[in-house]
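# Working through the structure, step by step
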Amino acid sequence: MKAWSRPQIPTLAPDPAMPRVHDSASGVSVEVGRGEGPARMYVCGITPYDATHLGHANTYVAFDLLQRVWLDAGREVIYTQNVTDVDDPLLERAAATGVAWEKLAAEQIDLFRTDMEALRVIPPTHYVGAVESIDWVVTMVQRLIEAGLVYQVDDPQYPDWYFASSQVPTFGGVAHLDREQALAVFGERGGDPERPGKRDALDCLVWRLERPGEPAWDSALGRGRPGWHIECSAIAVRTLGEEFDVQGGGSDLLFPHHEMSAAEGTAVTRTPFARVFAHGGMVGYEGEKMSKSRGNLVLVSRLRAAGTDPMAIRLVLLAHHYRADWEYTDADLVAAQERLLAWRGAVADATGFPAGSTIATIRGALRDDLDAPAALAAVDAWVAASAAVDSDDTGAVADMATAIDALLGVRL
Ligand code: 5CA
Ligand code: ZN
């Protein structure tokens, strides 16, 4: 489907050093994107209802930094993001509010696009909905059937199709949970460990046969709709190829989502699927994780409607390391607005403190596991030095504005 428009991205003289990011699977920081061909990244997209809250925005701004670092290094980037535009939570919300699920999804995807554009997030190369990838999902399930890893659950009424996750030797290698933890988290995050008729409690749904009142599509598997994890494995393999650099999302996706989709991908391709699994922290509000089900949301669109500069919203997010869990308060926004004002003041001057070492610090910070807070601190120090030191460097101001725009995505 259509993504959103691409912000203008100024370029600096390229610096070929590659970024490192923390890999949740191995627990260490790994260089990403040096291989043959373009750097390739998949980031799990929204389920389109109650978008776009600051938690979502935090995730997409984090991976936007990674893309910017790659572009700064002169790398071509292929980036895929999905939209879970048919799944239980969306259908439940549509039913609860009396809105057609297609309409709810379309409206929320539109709002998300507007928010991403305002935040100057670079759009994905491939923006793909679950509904439009049903054929890919069915093909992937068929390949898993051929491998003996998908079966029909023992249920005479609804013999849905399940993936035998624990039969894949690498299963467990992403999140490293023991079985007890895995079962608990699976149950909390969309899984059905208790469903009778499965071969193993951790097996996950890949194709759900039609139920009355639910959307369904004809397929060789019977009329039905895709399960969640197979949506992402199918879209990733189709758009990025059998192996890619980074699988990204918030830390709530580590298990079961990324574990299951990696196992499905690996079972089909016989590669580790993604080289690195990167996860952003959880943004909270008023004492809990910000989530649609709890309703404690700070929406980007609401802040924008109240007149907040989107660049201040972006600075709120960048002030926290992407892997940190943090809680949003109004003080975050006040601090970001003050910072934006100070930066804009500094670049409005004709001259500034020489920019070279600051730009090197920003680049170094971002390459080192996307350390945006360290990059912001470097800009703050440059702003202070520009105010304190009489400089006749006329190029400094333009260079800094370019670097802040290109690397941090903040247009001053
Ligand atoms: N459609 C699936 C992924 S395939 C999904 O999780 N959708 S979502 O709308 O619930 O979340 C979209 C993205 O935002 C995911 O990467 C998720 O990890 C991230 N996310 C959700 N809530 C938060 C939060 N409170 N803080 C940080 N990131 C969050
Ligand atoms: Zn996903």
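It should be noted that the structure appears before, not after, this text.
Residues numbered from 1 in each chain as written. Chains lettered and ligands numbered in written order. Predicted model: local features only at pLDDT ≥ 70, side-chain atom pairs only at ≥ 80, totals over all residues. Heavy atoms only, no water.

## Thoughts on the layout of surface pockets
In this structure, the second largest pocket occupies an estimated 180 Å³ of space. Lining the second largest pocket are 13 residues; nearest its centre among them are Thr-170, Gly-173, Val-174, Pro-272 and Phe-277. The set of elements that each furnish at least two residues to the lining of the second largest pocket consists of helix H7 (254-269) and strand S11 (274-280). Among the elements that take part in the lining of the second largest pocket, H7 stands out by supplying 4 residues, more than any other. Of the residues contributing to the lining of the second largest pocket, the split by class is 8 nonpolar, 3 polar and 2 charged. (1 Å grid on protein atoms, 1.4 Å probe; cavity = no way out; pocket = protein on both sides within 12 Å on 5 of 7 lines; lining within 4 Å. Points joined across faces, edges and corners; volume = space filled by probe spheres on them. Helix = DSSP H or I, 4+ residues; strand = E, 2+ residues; numbered from the N terminus. Nonpolar A, V, L, I, M, F, W, Y, C, P; charged D, E, K, R; others polar.)

## Observations concerning the coordination of the zinc ion (ligand 2)
Reference values for angles at a metal are 109.5 degrees in the four-donor tetrahedral case and 90 or 180 degrees in the six-donor octahedral case. Those donors, Cys-44 (SG), Cys-232 (SG) and His-257 (NE2), are the protein atoms that reach the zinc ion (ligand 2), and they lie 2.1 to 2.2 Å from it. Given 4 donor atoms and angles of 102 to 120° at the metal, the environment of the zinc ion (ligand 2) is assigned as tetrahedral. Counting along the primary sequence, the residues that act as donors to the zinc ion (ligand 2) give the motif C-x187-C-x24-H. A residue pair is termed long-range when its members are at least 10 positions apart, and Cys-44 in the loop between strand S3 (39-43) and helix H1 (54-72) and Cys-232 in helix H6 (residues 228-240) qualify at 188 residues. A relative accessible area of 5% places Cys-44 in the buried class. (Donors = N, O, S within 2.8 Å, 3.2 Å for Na, K, Ca; no water. Tetrahedral: all angles 85-135°; square planar, octahedral: opposite > 155°, others 65-115°. Buried < 20%, exposed > 50% of the residue type's maximum accessible area, 1.4 Å probe, protein only.)

## Regarding the sheet that holds strand S5 (residues 126-129)
Reading across the sheet, the 5 strands line up as S5-S4-S3-S10-S11 and stay open at both edges, with parallel pairing between neighbours. In this open sheet, the two strands that pair with only one neighbour each are S5 and S11. Across this sheet, the average inter-strand angle for adjacent strands is 20°, counted without regard to direction. As paired strands, S3 and strand S4 (residues 77-83) are joined by 5 bridges and run parallel to one another. Bridge pairing in S4 places Ala-39 opposite Val-77. (Pairing = 2+ DSSP bridges. Axes fitted to C-alpha atoms, helices over the stretch in contact; angles between N-to-C directions.)

## Considering the packing of helix H4 (residues 134-146) against H6
The geometry of a pair of packed helices is captured by two quantities: the angle between their axes and the separation between those axes. Where H4 contacts H6, the two axes come as close as 9 Å, and the packing angle between them is 100°. Taken as axis vectors, H4 and H6 run roughly perpendicular relative to one another. On H6, the residues that touch Trp-136, Val-137, Thr-139, Met-140, Val-141 and Leu-144 of H4 are Ile-230, Glu-231, Ser-233, Ala-234, Ile-235, Val-237, Arg-238 and Thr-239. Taken together, the residues of the contact of H4 with H6 break down into 9 nonpolar, 3 polar and 2 charged. (Parallel < 35°, antiparallel > 145°, perpendicular 65-115°, else oblique. Contact = heavy atoms within 4.5 Å.)

## As for the side chain of Thr-271
Mapped onto the secondary structure, Thr-271 falls in the loop between H7 and S11. Polar contacts involving the side chain of Thr-271 include one to the main-chain carbonyl oxygen of Glu-242, which spans 2.9 Å. Among residues more than four places away in sequence, those in contact with Thr-271 are Glu-242, Glu-243 and Thr-266. (Polar contact = N/O pair within 3.5 Å; in protein donor to acceptor, adjacent residues only side chain to side chain.)

## Let's talk about unusual backbone geometry
Thr-52 follows Ala-51 through a cis peptide bond whose omega is -10°. Relative to the helices and strands, Thr-52 resides in the loop between S3 and H1. Of note in the backbone geometry, Asp-369 takes a positive phi value of approximately 55° without being a glycine. As for its position among the elements, Asp-369 is in the loop between helix H11 (356-367) and helix H12 (372-388). Unlike most non-glycine residues, Leu-370 shows phi in positive territory, near 50°. By the element assignment, Leu-370 lies in the loop between H11 and H12.

Purely geometric stuff here, so don't read any function into it on its own.
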